[in-house]
Amino acid sequence: MKRTTPYYIWLLGFAVVASGLVSSCDDYDKFTADPACELRFSTDTVRFDTLLSTVGSVTQTLKVYNPYDEGIRITSVHLQGGGESLFRANVDGEPLLRENGSAAYDFEVRGGDSMYVRLEVTMPERNSDAVVQVSDALVFSLESGRTQTMPMKAAGQDAYHWRGKKLAQDTTLTAGRPFVVLDSLVVAQGATLTLSKGVQLYFHDKAELRVHGTLKVQGTMDSMVVFRGDRTDRMFPYLPYDNTPSRWGGIRLDSESMNNEFRYADIHSATYGIRCDSSRTDDYKLRMENSVLHNIGGSGLVLTNCRTQFVNTQVSNTLGDCVYQAGGWSEFVHCTLAQFYPWEAGRGSALYLTDYAGDVSYPLLQAHFVNCLITGYSDDVIQGAWEGEDEETPLDYFFGHSYLNTVESEDAGRFVGIVYDNDEQPLPKEKNFRRFDTYNFLYDFRLQPESGARNIGDPTWAVRYPFDRYGVSRMADEGPDAGCYEYLPAEP
């Protein structure tokens with residue numbers, strides 16, 4: 001016998017479901033007026049890194065949470081500084097306009113929900129070399145009568161902004177506010193650009209320094225001359241753009257440029273480091289001491305048929321070769337070449353030697369490496385390619401009293417007093433160094449106590465350069481270390 005459900009039972013069931021829906025909507029729309037309930041924020045302070053004046057910051061995002069089951073009504077959000085504030089804010093899509101008192105009204109954050117606040121700041125020019133700190137606060141007034149504030153802080157510095165700058169006569173730059181190069185800076189033939197200690201050059205994306213004349217870098221150990229990109233913000237909260245490669249172009253010494261000198265230069269985060277175009281080899285094109293080229297998106301040093309000398313210099317973490325030399329004459333003494341580029345696996349060598357570039361042959365007159373440390377991730381970071389070696393084609397390369405990550409050589413004339421960086425060492429490759437932070441991309445290429453590079457240097461060369469890049473004496477222990485850093489116990 002077929003049974004049917006009475007109509008009144010269906011009607012009763014529908015009423016129960018509808019009642020539940022109405023009840024659920026009532027819970028969703030319920031708002032608390034309890035002054036003990038407060039908003040939660042994604043940070044305790046919104047901070048902007050040191051900004052260049054008149055250049056707007058990137059947008060910082062503040063997330064505002066409601067952790068409760070019931071909603072919270074916000075009657076107003078305003079900038080504490082009002083219309084005079086240097087900060088700009090957009091709350092849940094609504095801008096805080098100056099004509100409205102830098103305030104916006106009537107927001108709701110339902111239970112368990114959130115909203116976003118976008119914040120920016122532009123630092124005004126103050127005609128001062130000093131870094132200026134500013135602050136303000138974003139004020140949230142709740143329907144319950146509770147008030148919450150979110151502090152905001154920023155630092156700014158005036159800068160000289162150069163676009164299409166060409167120096168046709170001798171020029172000296174002194175420390176103070178940074179020099180921002182927006183496209184390229186050109187030193188004309190016959191002119192000398194001198195950079196005094198503490199000078200900072202900030203280059204915009206793809207901007208470069210092109211030298212037809214002469215460049216003199218006169219930094220000191222305590223006040224280096226800095227070449228870097230102009231982005232002062234962060235890619236991620238833990239990672240400044242300044243710690244990433246290819247933020248600007250690089251430094252190119254053209255064929256006619258001679259007698260360039262770099263002392264205590266810090267060149268980092270470029271697309272390439274220094275390119276030395278082919279020139280005479282009877283006089284120095286470049287001499288560099290106590291300097292660093294680090295975190296480069298191409299090659300660090302490209303030396304094409306020219307005469308160069310490097311002392312107490314670190315070239316590290318380059319996508320291309322740390323040092324590429326095609327012909328010419330070079331001398332490296334107490335240098336560290338460390339090929340640990342972290343951003344891509346297809347990195348170049350720490351050192352690449354050749355006697356040709358493209359379809360042009362360049363005799364390798366000299367490539368000498370004394371008391372050097374040359375290592376990297378690969379099993380052999382020293383590479384080369386030769387068109388041929390005969391009595392009429394000079395091919396002079398030499399490694400003395402150095403720590404090398406390469407295949408052991410039986411050539412006793414070219415490899416003298418070598419310690420090889422391999423798996424037999426107690427601290428192979430990156431383990432030689434004091435700090436190797438591949439999360440924050442922070443490195444310290446000073447030696448660990450057990451490093452095989454310790455005490456292996458030739459003292460006759462160390463006497464010429466008795467102090468390392470940090471001013472530590474090479475004569476205070478059993479012998480000079482290989483590389484640009486003499487071992488010193490780390491401070492606790």
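Every value quoted in this text rests on a predicted model; they were computed, and no experiment measured them.

### Structural notes on the overall build of the protein chain
In terms of helices and strands, the protein chain carries two helices and 46 strands. In terms of overall size, the protein chain is more extended than a compact globule, its C-alpha atoms giving a radius of gyration of 31 Å where 492 residues would be expected to give roughly 23 Å. Reported as C-alpha extents along the three principal axes, the dimensions of the protein chain are approximately 110 × 75 × 50 Å. For the protein chain, the residues scored as buried account for 51% of the 492 residues in total. For the protein chain, the share of sequence-separated contacts (at least 6 apart) that also reach a separation of at least 24 residues comes to 62%. Taken as a whole, the protein chain presents about 22,900 Å² of accessible surface, with 48% of it coming from carbon and sulfur.

### What to know about the packing of aromatic side chains
Scanning the model with the defined rule gives 26 aromatic pairs in all. Taking 5.2 Å as the distance between ring centres and 45° as the angle between the ring planes, the aromatic pair formed by F41 and F140 counts as tilted. One end of the pair, F41, is in strand β1 (residues 40–41); the other, F140, is in strand β9 (residues 132–142), and 99 residues separate them in sequence. On the basis of relative accessible area, F140 is assigned to the buried category, the value being 0%. With a centroid separation of 6.0 Å and 80° between ring planes, the pair formed by Y284 and W329 is classed as edge-to-face. Taken together, the residues span a long stretch of sequence, with Y284 in the loop between β26 (274–276) and β27 (286–289) and W329 in strand β33 (residues 328–333) at a distance of 45 residues. Positioned over the ring face of Y284 is R307, at 5.2 Å from the centre of the ring.

### Details of the sheet that holds strand β8 (residues 114–121)
In sheet architecture, strand pairing relies on hydrogen bonds along the backbone and comes in two forms, parallel and antiparallel. Strands sit in the order β1-β3-β8-β5-β6 across an open sheet of five strands; the sheet is antiparallel. A strand with exactly one partner marks an edge of an open sheet, and here the two such strands are β1 and β6 (94–95). Sheet topology places strand β3 (residues 60–65) next to β8; six bridges connect them, and they run antiparallel. Note on β8: the bridge partner recorded for T61 is R118.

### A word on the environment of A104
Checked against the element boundaries, A104 lands in strand β7 (residues 103–109). A sequence separation of 33 residues divides A104 from A137, and the C-alpha atoms of the two residues are 15 Å apart. Among all residues touching A104, those that are not within four sequence positions of it are T75, S76, V77, E94 and L96.

### Quick notes on the pattern of salt bridges
Taken as a whole and judged by the stated rule, the model has 24 salt bridges. For R110, the salt bridge identified is with E108, shortest N-O distance 3.6 Å. One salt-bridge network, in which partners are shared between bridges, spans K216, E261, R263, R287 and E289.

### Examining the confidence of the model for the protein chain
If pLDDT is low for a region, its predicted coordinates should not be looked at in detail. In the predicted model, the protein chain carries a mean pLDDT of 92, and 93% of its residues have values of at least 70. Note that pLDDT drops below 50 for residues 1–26; the model gives that stretch one contact with residues more than four away or on any other chain.

### Some points on the nonpolar core
F227, F262, I274 and I374 are the most contacted members of the largest nonpolar core, which totals 60 residues. With residues up to four places along the chain from it excluded, the contact list for F227 reads L195, L201, F203, L209, V217, W248, I251, F262, A265, D266, I267 and H268. Ranked by size, the runner-up nonpolar core spans 30 residues in total, among them L39, V64, M123 and A154.

### Some remarks on the sheet that holds strand β2 (residues 46–52)
The sheet built from five strands is open, its strands ordered β2-β10-β9-β4-β7 with mixed pairing. Edge positions in the open sheet fall to β2 and β7, since each of these has one partner strand only. The average angle at which neighbouring strand axes cross in this sheet is 25°, direction not considered. Sheet topology note: the strand β4 (residues 72–79)/β7 ladder contains six bridges and is antiparallel. The residue bridging I74 from the neighbouring strand is F107, located in β7.

### Digging into the environment of G413
Tracing the sequence through the fold places G413 in the loop between β42 (403–404) and β43 (415–416). We classify G413 as exposed; its relative accessible area is 53%. The spacing of G413 and Y397 is 16 residues in sequence and 9.8 Å in space, taken between C-alpha atoms.

### Observations regarding a nonpolar patch on the surface
On the surface, F236, Y238 and Y439 cluster together into a nonpolar patch covering about 320 Å² of accessible area. Relative to the helices and strands, F236 is located in strand β21 (residues 234–236).

### A closer look at the environment of E38
Position of E38 relative to the elements: it lies in the loop between α1 (7–28) and β1. E38 gets classed as partly exposed once you look at its relative accessible area, which sits at 25%. Between the C-alpha atoms of E38 and Q148, which are 110 residues apart in sequence, the distance is 7.8 Å. Once residues within four sequence positions are removed from consideration, E38 is found in contact with P67, Y68, I72, L142, R146 and Q148. Reaching out from E38, the side chain makes a polar contact with the side chain of R146 at a distance of 2.6 Å.

### What to know about the pairing of strand β35 (residues 351–354)
Of the pairings in the sheet, the one linking strand β32 (residues 323–326) to β35 comprises four bridges and is parallel in character. Pairing of Q325 across the sheet is with L353, part of β35. By the bridge criterion, four bridges tie β35 to strand β40 (residues 382–385) in an arrangement that is parallel. In the strand pairing of β40, Y352 is matched with Q383.

### Looking at unusual backbone geometry
Positive phi, normally seen in glycine, also occurs at H334, with a value near 50°. One can find H334 in the loop between β33 and β34 (336–339). You can call H334 buried: its relative accessible area is 0%. Although it is not a glycine, H401 sits at a positive phi angle of roughly 50°. Relative to the helices and strands, H401 resides in the loop between β41 (395–400) and β42.

### Some points on the pairing of β41
Examined bridge by bridge, strand β38 (residues 364–370) and β41 share five bridges and lie parallel to one another. Across the sheet, the residue bridging to H368 is F398, located in β41.

Cut-off values and rules
Residues numbered from 1 in each chain as written. Predicted model: local features only at pLDDT ≥ 70, side-chain atom pairs only at ≥ 80, totals over all residues. Heavy atoms only, no water. Helix = DSSP H or I, 4+ residues; strand = E, 2+ residues; numbered from the N terminus. Rg over C-alpha atoms; globule rule 2.2 N^0.38 Å. Buried < 20%, exposed > 50% of the residue type's maximum accessible area, 1.4 Å probe, protein only. Contact = heavy atoms within 4.5 Å. Areas by Shrake-Rupley, 256 points an atom, 1.4 Å probe, with all protein chains shown as cover. Phe/Tyr/Trp six-rings, centres within 6.5 Å; stacked < 30°, edge-to-face > 60°. Lys NZ or Arg CZ within 6 Å of the ring centre and 35° of its normal. Pairing = 2+ DSSP bridges. Salt bridge = Lys/Arg side-chain N within 4 Å of Asp/Glu carboxyl O. pLDDT = per-residue confidence, 0-100. Core = buried A, V, L, I, M, F, W, Y, C linked by side-chain atoms within 4.5 Å. Axes fitted to C-alpha atoms, helices over the stretch in contact; angles between N-to-C directions. Patch = residues over 30% accessible without salt bridge, like charges linked within 9 Å, V, L, I, M, F, W, Y side chains within 5 Å. Polar contact = N/O pair within 3.5 Å; in protein donor to acceptor, adjacent residues only side chain to side chain.

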